[in-house]
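The lines below spell out each chain.
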There are 2 protein chains.
Amino acid sequence: MVFGAVLAGGKGSRMGNYTVPKQFLPAGGKPIIVHVVEKFLVHPEIDYVIVGVNPEWLQHMTDIVEKYLPDADRLTVIAGGADRNSTIANVIEEINRISGNDDDIVVTHDAVRPFVTLKMISDNIRIASEHGVCDTVVPATDTIVYSDNHEFITDVPLRSNTYQGQTPQSFKVRLFEKVYSEMTEAELKIVTDACKMFMMKGYPVYLAEGHVSNFKITYPEDYKMAQIFLGDNVGVNENDQ
Amino acid sequence: MVFGAVLAGGKGSRMGNYTVPKQFLPAGGKPIIVHVVEKFLVHPEIDYVIVGVNPEWLQHMTDIVEKYLPDADRLTVIAGGADRNSTIANVIEEINRISGNDDDIVVTHDAVRPFVTLKMISDNIRIASEHGVCDTVVPATDTIVYSDNHEFITDVPLRSNTYQGQTPQSFKVRLFEKVYSEMTEAELKIVTDACKMFMMKGYPVYLAEGHVSNFKITYPEDYKMAQIFLGDNVGVNENDQ
């Protein structure tokens, strides 16, 4: 089976004064996370959707599902873990309860990227089936620089080889289990990105084509842009700069 | 003296069907580049502003200045070169005609980043004065990945050390001349970024604090966002996604 996993563990600390995590903020008449879940529910190749949510917000998410997705029968909300990879591990436990086949695939996606397209999801499923694991990326627009002292630049990588990672990130469930079980506690503390974990353990992560419009809602500016794209009539003026 | 240099050599190939380069597109009642030039003209520490523009668009830019900035007497428009660094070299020739002091500083800025702040310009001047060269950056929001084969990821750098380069990029004029003269033709073909050139020649490039709102207008979505921030009432609907 092919599973969609919507990862909503975040608490939105960079979003300023909002009292709920950003994935629950409204845009286009419903919480952002509902747009994301809907993209997966309507996708013809996705058999089931699992939402992994911060335990403190489990009831809130359950209420949202009852209100906005009352007829969704291929949808489960579960408590996530302390970090992204442990949330994925919880999702996979649930996958094994529902299916448990050796060829199960999971397409994991940020709850705050509502502009994922059906084609990105299809591409992810195809590439993960063929290669085991894939990441959705776009060529970097800005020049990327490094500073390991945070005072001056210590390296500038070649721009044409540089990509910005988005999501979905997709993989075979059995492969995630194998790789995750090989990680030490110390490694898990450092490596918060699933794809980086696969790489550490020697599995090449293949590229799926993202798009600049599949941006992550991180800052208030992003939220405003998402509202506008979803048809909200929000006031914006020069003072907001 | 302290010079502002607005770099407008680009032709905007990623902007779709527009017939003028993106820096000349209107937003908030005037071309984007006018917003940028104004930020430098009003800055109390900037003595003079030089706009380096693609030779094909020199007359167009001159017309824009006559129309929107008729009273600007500390502003010159010159023809840029074949690439960014040769445009900067042309700007520096002009600086030497106007001033030619050994402590001249130039704050170079993209013509398509209209949301630069006066504080960013001040910080650039201070840091370039102290350290010789600086680059404006923001911590990377997305995870950055590399692929030197464009098929699978070959490296994922540590996110906390990763920044997205913006502009301004600022430096002492004499230092640029020294470093530029040391570059071979082969090196100049590869290195299109001024800061990377300084690094190649052993000069540490210091960090100035940018902001996510100081984004570069690259894609139609960015242009729409710029229009909205500048108060235009543009229609946006879900079909634009």
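Quantities reported herein were computed from a predicted structural model and do not represent experimental measurements. (Residues numbered from 1 in each chain as written. Chains lettered and ligands numbered in written order. Predicted model: local features only at pLDDT ≥ 70, side-chain atom pairs only at ≥ 80, totals over all residues. Heavy atoms only, no water.)

With that out of the way, let us pick up the relation of the copies chain B and chain A. Once chain B is rotated about the relating axis by 180 degrees and shifted along it by 0.0 Å, it coincides with chain A to within an RMSD of 0.0 Å. As the rotation angle and translation indicate, the two copies are arranged about a two-fold axis. Closest approach to the rotation axis among the C-alpha atoms of chain B is made by M225 of chain B, whose C-alpha sits 3.5 Å away. Interface residue correspondence from chain B to chain A reaches 98%, placing this contact among same-surface, isologous pairings. (Least-squares fit on C-alpha atoms with pLDDT ≥ 70 in both. Contact = heavy atoms within 4.5 Å.)

What follows is about the packing of helix α3 (residues 84–98) of chain B against helix α5 (residues 173–182) of chain B. Residue and element names in this part refer to chain B. The interhelical angle for the contact between α3 and α5, taken along N-to-C directions, is 135 degrees, at an axis separation of 11 Å. Classified by the interaxial angle, the pair formed by α3 and α5 is oblique. The handedness of the crossing between α3 and α5 comes out as left-handed. Along its contact with α3, which presents N85, S86, I88, A89, I92, I95 and N96, the element α5 presents V173, R174, F176, E177 and Y180. Each residue belonging to the contact of α3 with α5 can be placed in one class, and the counts come to seven nonpolar, three polar and two charged. (Axes fitted to C-alpha atoms, helices over the stretch in contact; angles between N-to-C directions. Helix = DSSP H or I, 4+ residues; strand = E, 2+ residues; numbered from the N terminus. Parallel < 35°, antiparallel > 145°, perpendicular 65-115°, else oblique. Left-handed = near helix turned anticlockwise from the far one by under 90°. Nonpolar A, V, L, I, M, F, W, Y, C, P; charged D, E, K, R; others polar.)

Before going further, it helps to spend a moment on the environment of G165 of chain B. With respect to the element layout, G165 of chain B can be found in strand β9 (residues 162–172). Accessibility expressed as a relative area gives 5% for G165 of chain B, which makes it buried. Each C-alpha atom of the pair G165 of chain B and A208 of chain B lies 9.9 Å from the other, and the pair is 43 residues apart in sequence. Not counting residues up to four positions away in its chain, the partners in contact with G165 of chain B are D142 and T143 of chain A together with R113, T136 and V137 of chain B. (Buried < 20%, exposed > 50% of the residue type's maximum accessible area, 1.4 Å probe, protein only.)

With that out of the way, let us pick up the interface of chain B and chain A. On the chain A side, the residues contacting the 53 residues of chain B number 52 residues. Approximately 5000 Å² of surface area, both sides summed, lies buried where chain B meets chain A, with 59% of it carried by carbon and sulfur atoms. Counting every contact that joins chain B to chain A gives 19 residue pairs in polar contact (both at pLDDT 80 or more). Of all the elements in the fold, those that place two or more residues in the side of chain B that touches chain A are β7 (133–139), β8 (143–146), β9, α7 (194–200), β10 (206–209) and α8 (220–229) of chain B. (Buried area = accessible area lost by both parts, 1.4 Å probe. Polar contact = N/O pair within 3.5 Å; in protein donor to acceptor, adjacent residues only side chain to side chain.)

Residue and element names in this part refer to chain A. Here helix α3 (residues 84–98) spans 21 Å end to end across 15 residues, near enough to the 21 Å set by a 1.5 Å rise per residue. Two to three positions downstream of the cap, the backbone nitrogen of N85 sits 3.3 Å from a side-chain oxygen, assigning the N-cap of α3 to D83. At the exit of α3 stands G100, carrying a positive phi of roughly 75 degrees. (Expected span 1.5 Å × (residues − 1).)

Okay, the side chain of N214 of chain A next. All names here are of chain A. You can see N214 is positioned in the loop between β10 (206–209) and α8 (220–229). Here the side chain of N214 touches V116 through a polar contact of 3.5 Å, landing on its backbone nitrogen. The contact partners of N214, leaving out residues within four places of it in the chain, are H109, R113, F115, V116, M120, T136, Q166 and T167.

Applying the stated rule across the entire model yields 20 aromatic pairs over all chains. Pairing F3 of chain A with Y48 of chain A gives two aromatic rings, centres 6.1 Å apart and planes at 45 degrees, and the pair type is tilted. You can see F3 of chain A sitting in strand β1 (residues 2–8) and its partner Y48 of chain A sitting in strand β4 (residues 48–53), a full 45 residues away along the chain. For Y48 of chain A, a relative accessible area of 15% translates into the label buried. Considering the side-chain rings of F171 of chain B and F198 of chain B, the 5.1 Å spacing of their centres and the 40 degrees angle between planes classify their relative orientation as tilted. Here F171 of chain B is found in strand β9, whereas its partner F198 of chain B is found in helix α7, with 27 residues between them in sequence. No difference in accessibility class separates F171 of chain B from F198 of chain B, as the two residues are buried. (Phe/Tyr/Trp six-rings, centres within 6.5 Å; stacked < 30°, edge-to-face > 60°.)

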